[in-house]
Amino acid sequence: MDRPRNFRLYFLVAALTFAGLIVLLREHRPSFLRPGLRLYAYVSTADGNVTVVDLVKLKAFSRLYAGPGLSGMREHPTRAEVYGVSSTGGYVWVLNTRANQITVRIPVGPLPYAVDFSADGKWLYTTTSGNDALLAIDLQRHAIVARARTGHEPVLARVTPNGKAILVVNHGDGSLALHDAGTLVLRASVSVVPQPDDVAILPDSSVAFVLSRSERRISVVDLRRGVLVSNLELAGKPTDMLMKPDGGELYVISPEAHGLQAINTWTHEVGDYMVLGSAPTRGVLSADASLLYVSDTEAGRVTPVDIYNRRIIREPGKGFPVPAGDSPMALRFDPNETLLLVVSQGSGDLAVIRVRTNFLVTMIPVGEHPQELAVKLF
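Residues numbered from 1 in each chain as written. Predicted model: local features only at pLDDT ≥ 70, side-chain atom pairs only at ≥ 80, totals over all residues. Heavy atoms only, no water.

A. Main features of the overall build of the protein chain. From N to C terminus, the protein chain includes 1 helix and 33 strands. Residue burial in the protein chain is summarised as follows: out of 378 residues, 54% are buried. Roughly 16,500 Å² of accessible area belongs to the protein chain as shown, and the carbon and sulfur atoms make up 53% of that amount. (Helix = DSSP H or I, 4+ residues; strand = E, 2+ residues; numbered from the N terminus. Buried < 20%, exposed > 50% of the residue type's maximum accessible area, 1.4 Å probe, protein only. Areas by Shrake-Rupley, 256 points an atom, 1.4 Å probe, with all protein chains shown as cover.)

Below is the structure:
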């Protein structure tokens, strides 16, 4: 009498187990690319190495010594190369991703911190904080072709979206300088918040927002007139800011304020505020600006945010909170935005998260105190 009933029960359990196994295997499967393509992540570490991670096989396979005091690592927009600087060594280094080797070191001067590329990828711009200089490097010849004097302690050079100017953030004298992209000639210098660290630029190159990690203010600069428009008050000292692709909003993240603030870039007004967690620190925004991920260094997790509706994503089937190791910081999407990669400084790992489900796929050891992250498809 009980045999048909037991059979149905066994069949249901088996079906649910099989379905669960399929879901689990799908989440843990590596990514697949068509033949001939490679997808690698590059993670710099405190000991001067760059760890190379295969994002298809989900494992680290190489460590390359780039130099002491690594900073400013970025993938080239078109070439199979990754660039960065050795702040201590005073040079720009070039990693050939096909050969998996550091092929060039270009001496630039004392204390470079960051790099940026021209829109066509032919030029690289960097600053040297130790001797107050802005440099342009021809990437075909790997040679310095122009040099200009900057303000005191320049830490960052950014090319405007229209490619006509280079904005230099001078940390020492609290200024934002506008240089001609072709000649590096100084056009204007604007006093901004003390000890500025970063700059975000509207897509039409009309306005820049300057952030200082030591101030609860952000400066708004009119780039066409070369004047300061205003200093906006923030809820706490910021650590990161992200510009919406259409330029309509700027999202400012502050661990001190436990969340983010949205700034209307047209009216220059501070708008919505969201509480995100213990110590939200860094963020990454999807290409369509619908999804924002924020790393929380104190809670050891990543918070997914529906930025359109100003809410944390907590739907069933979507992982929340998303674990990301000890002290997660820098984070990036892969080119297709299927994977979220998070550098965990405390545990020395690269966390790999499936974006579709916010599911932690794996933690890949990359070395002691990892710092920055670049991703290259080639």
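B. Spotlight on the nonpolar core. Within the largest apolar cluster, 17 residues are counted, with the highest numbers of intra-cluster contacts made by Ala41, Val53, Leu55, Leu341, Leu350, Val352 and Leu373. Breaking this core down by element, the ones donating at least two residues are strand 1 (39–45), strand 30 (339–344), strand 31 (349–354), strand 32 (359–365) and strand 33 (370–377). (Core = buried A, V, L, I, M, F, W, Y, C linked by side-chain atoms within 4.5 Å.)

C. Molecular detail of the sheet that holds strand 10 (residues 133–138). The strand order across the open sheet formed by 4 strands is 8-9-10-11, and the pairing between neighbours is antiparallel. Edge positions in the sheet fall to strand 8 (112–117) and strand 11 (143–149), since each of these pairs with one other strand and no more. Strand-to-strand twist in this sheet, taken as the mean axis angle between neighbours without regard to direction, amounts to 25°. In this structure, strand 10 lies alongside strand 11, joined through 6 bridges in antiparallel fashion. Residue pairing in the sheet places Leu135 in a bridge with Arg147 of strand 11. (Pairing = 2+ DSSP bridges. Axes fitted to C-alpha atoms, helices over the stretch in contact; angles between N-to-C directions.)

D. Examining the layout of surface pockets more closely. Considered as a void within the structure, the largest pocket measures approximately 1,900 Å³ in volume. Lining the largest pocket are 48 residues, and of these Arg74, Arg158, Asp198, Asp240 and Arg282 sit closest to its centre. Of all elements in the fold, only strand 4 (70–75), strand 8, strand 12 (154–159), strand 16 (198–201), strand 20 (240–243), strand 24 (280–285), strand 29 (328–333) and strand 33 reach the threshold of two or more residues within the lining of the largest pocket. Considering each element in turn, the lining of the largest pocket owes the most residues, 6 residues, to strand 4. Class assignment for the residues of the lining of the largest pocket results in 27 nonpolar, 10 polar and 11 charged. (1 Å grid on protein atoms, 1.4 Å probe; cavity = no way out; pocket = protein on both sides within 12 Å on 5 of 7 lines; lining within 4 Å. Points joined across faces, edges and corners; volume = space filled by probe spheres on them. Nonpolar A, V, L, I, M, F, W, Y, C, P; charged D, E, K, R; others polar.)

E. Broad picture of the pairing of strand 24. Taken across its 6 residues, strand 24 has 5 buried, putting it largely inside the fold. Linkage of strand 24 to strand 25 (residues 291–296), two consecutive antiparallel strands, is achieved through a turn of 5 residues, within which Ala289 is found at a positive phi near 60°.

F. Structural view of empty space enclosed by the protein. Tallied over the entire structure, the rule returns 1 cavity of 30 Å³ or more. Its boundaries defined by the atoms lining it, the largest cavity holds a volume of some 30 Å³. Lining the largest cavity are Leu234, Gly236, Pro238, Val252, Ser254, Ala257, Gly259, Leu260, Gln261 and Tyr273. At the level of secondary structure, the elements contributing two or more residues to the lining of the largest cavity comprise strand 21 (249–254) and strand 22 (259–264). Element by element, the count of residues in the lining of the largest cavity is highest for strand 22, at 3 residues. Residues that form the lining of the largest cavity fall into these classes: 6 nonpolar, 4 polar and no charged.

G. Structural view of the sheet that holds strand 2 (residues 49–54). Spatial strand order, 3-2-1-33: 4 strands in an open sheet with antiparallel pairing. Here the strands that pair on one side only, and so sit at the sheet edges, are strand 3 (59–65) and strand 33. Strand-to-strand twist across the sheet, computed as the mean angle between neighbouring axes with direction ignored, equals 25°. Two elements, strand 1 and strand 33, share 6 bridges in a ladder whose sense is antiparallel. Bridge pairing in strand 33 links Leu39 to Leu377.

H. The confidence of the model for the protein chain, seen in detail. Here the protein chain averages 92 in pLDDT, and 90% of its residues register 70 or above. Scored below 50 in pLDDT, residues 19–28 shows 13 contacts in the model against residues more than four places distant or in partner chains. (pLDDT = per-residue confidence, 0-100. Contact = heavy atoms within 4.5 Å.)

I. The side chain of Asp132, seen in detail. As for its placement among the helices and strands, Asp132 is situated in the loop between strand 9 (123–128) and strand 10. The class of Asp132 is buried, set by a relative accessible area of 12%. A polar contact of 2.9 Å, which involves the side chain of Asp132, links it to the backbone nitrogen of Glu153. In contact with Asp132, not counting residues within four places along its chain, are Ala148, Arg149, Thr150, Gly151, His152, Glu153 and Pro154. (Polar contact = N/O pair within 3.5 Å; in protein donor to acceptor, adjacent residues only side chain to side chain.)

J. Spatial organisation of the pattern of salt bridges. Using the criterion set out here, one finds 14 salt bridges in the structure. One salt bridge connects Arg79 with Glu81, and the closest N-O pair in it is separated by 3.1 Å. Of the residues examined, Glu81 reaches a relative accessible area of 8% and is grouped as buried. The shortest N-O distance in the salt bridge between Arg311 and Asp306 comes to 3.5 Å. You can call Asp306 buried: its relative accessible area is 11%. (Salt bridge = Lys/Arg side-chain N within 4 Å of Asp/Glu carboxyl O.)

K. Focus on the pairing of strand 19 (residues 227–233). Pairing geometry for strand 18 (residues 217–222) and strand 19, over 6 bridges, is antiparallel. Considered in strand 19, the bridge of Val220 is made with Ser230. With antiparallel pairing between neighbouring strands as the criterion, strand 18 and strand 19 make up a hairpin whose turn holds 4 residues, including Gly226 at a positive phi of roughly 70°.

L. Here's a closer look at the packing of aromatic side chains. For the coordinates displayed, the defined rule picks out 5 aromatic pairs. Look at Tyr40 and Tyr42: their rings are 6.4 Å apart centre to centre, the planes differ by 65°, and that puts the pair in the edge-to-face class. Residues Tyr40 and Tyr42 agree in their burial class; the two are buried. Note on Tyr83 and Phe117: the rings are 5.5 Å apart at their centroids and 75° apart in plane angle, and the pair reads as edge-to-face. Of this pair, Tyr83 sits in strand 5 (residues 81–86) while Phe117 sits in strand 8, and the two are 34 residues apart along the sequence. Ring-pair connections join several aromatic residues into one group, and the members of that group are Tyr40, Tyr42, Phe61 and Phe378. (Phe/Tyr/Trp six-rings, centres within 6.5 Å; stacked < 30°, edge-to-face > 60°.)

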